[in-house]
Amino acid sequence: MPAAPVVRVSGIRKTYGATVAVDDVSFEVQPGEIFGLIGPNGAGKTTTMECVEGLRQPDRGRIEVFGLEPTRDAAALQTRIGVQLQEAQLQKRVKVWEAVDLWASLYPTTVNGDRLLDQLGLTEKRDAWFMTLSGGQKQRLFIALALINDPELVFLDELTTGLDPQARRTIWDLVRDIRERGKTVFLTTHLMEEAERLCDRVAIIEHGHIIDHDTPAELIARHCPERTVVVATAHDDAAAHFQALPSVDTVTDEDTRLSVHGRGDELVTEVIHCLSEHRMHVTEFRTEQPTLEDVFLKLTGHSIRG
């Protein structure tokens, strides 16, 4: 018998005056997965997450976290969840170890704070003031605070916004490590590459509505099955040979560089066999795969907005 979802959201709606932030949103988060709620800023991601965390009450609909109602059962859930908010701050002159000790004092049982700082690469910053930390170090500290009570479910809201690529990838490794320790991660992001690299499943939200949800690979296969192989060759009949392949839809020719457009898993194999069969001399060969960004563009008609 499959395990019950960690989070179950059913038809929630949340308005602020005349503004509808979230409308008829439903999804489930399964145990032990990284689940991403993805979409542009202002799409309703943070409002939805805050409703699931119990920080906001939806106008209608139902939310269950471990079978409990987040607002009503906040005390029972407190020790089972960890939360990293999108816009969090600490006192400028609180030291890293002091913040960890303060958070630890709020829970009946905790993990070892020094070991957690070591795992997050913050041991050397243990005595540093919060105000002196870099953006990536602050994010790692907030993750430490979210993990101090050894939660079963961790909420991460736009955790890498504003970070440089190296810091972002460090945070990604930390999130994967959380999952590998048997935890469930529910995150929001407007960075499609981040969602594609990290998440087991995603739900795409736009203007307060879920427009589709699945694994990144399944979403790409369903909405953007097209593939492209770029080949640079001076062979006179290359375009005609490629066009005759079963998986090929179109071939575009720019000087000696041809873009072979088609669909299906056999496209690349067919192109390689064609190159070999006709002994074409190749100076460039690469494939172009669609991404979650392409899925979003296909579904909404515009690219992602930061």
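As shown above, the structure is provided for reference.
In what follows, the accompanying structure is described. (Residues numbered from 1 in each chain as written. Predicted model: local features only at pLDDT ≥ 70, side-chain atom pairs only at ≥ 80, totals over all residues. Heavy atoms only, no water.)

### Focus: the packing of helix 5 (residues 135-147) against helix 6 (residues 165-180)
Angle between the axes and distance between the axes: these two values describe a pair of packed helices. We count it as follows: Lines fitted to C-alpha atoms define the axes, with helix axes restricted to the stretch in contact, and inter-axis angles between N-to-C directions lie between 0 and 180 degrees. Each helix is a run of H or I in the DSSP string that is no shorter than four residues. Each strand is a run of E no shorter than two, and both are numbered from the N terminus. An angle below 35 degrees is treated as roughly parallel, one above 145 as roughly antiparallel, one from 65 to 115 as roughly perpendicular, and anything else as oblique. Here a crossing is called left-handed whenever its near helix is offset anticlockwise from the far helix by less than a right angle, and right-handed whenever the offset is clockwise. Contacts are assigned to residue pairs with any non-hydrogen atoms lying within 4.5 Å of each other. Under the scheme applied, nonpolar residues are Ala, Val, Leu, Ile, Met, Phe, Trp, Tyr, Cys and Pro; charged residues are Asp, Glu, Lys and Arg; polar residues are all the others, including Gly.
Put simply, helix 5 and helix 6 touch, their axes get as near as 10 Å, and they point 15 degrees apart. In terms of axis orientation, helix 5 runs roughly parallel to helix 6. You can see that helix 5 and helix 6 cross each other, and the crossing is right-handed. Here G136, Q139, R140, I143 and L147 of helix 5 come into contact with helix 6, specifically with A167, I171, L174 and I178. Residue classes in the contact of helix 5 with helix 6 are distributed as 6 nonpolar, 2 polar and 1 charged.

### Describing helix 6
This is how it is decided: Expected span of a helix: the number of residues minus one, times 1.5 Å. Burial classes: relative accessible area under 20% of the type maximum marks a residue as buried, over 50% as exposed, and values in between as partly exposed (1.4 Å probe, protein chains only). By arc we mean the arc of the directions from the helix axis to the C-beta atoms, nothing more. As used in this structure description, the phrase polar contact means that two N or O atoms lie within 3.5 Å; if the pair is within protein, one of them must be able to donate a hydrogen and the other to accept it, and residues adjacent in sequence are counted only when both atoms belong to side chains.
Over its 16 residues, helix 6 runs 23 Å from end to end, which matches the ideal 22 Å to within 8%, given 1.5 Å per residue. Looking at helix 6, one finds that the buried residues are A167, R168, I171, W172, L174, V175 and I178. Angularly, the buried residues of helix 6 cover 160 degrees about the axis, an arc narrow enough to put them on a single face. Relative to its buried face, helix 6 has exposed residues pointing more than 90 degrees away, namely Q166 and E180. Looking at the buried positions of helix 6, the neighbouring elements they touch are strand 3 (34-38), helix 4 (113-119), helix 5, strand 6 (153-157), strand 7 (184-189) and helix 7 (192-198). The N-terminus of helix 6 is capped by D164, whose side-chain oxygen sits 3.0 Å from the backbone nitrogen of Q166. In the segment just after helix 6, G182 is the residue with positive phi, at about 90 degrees.

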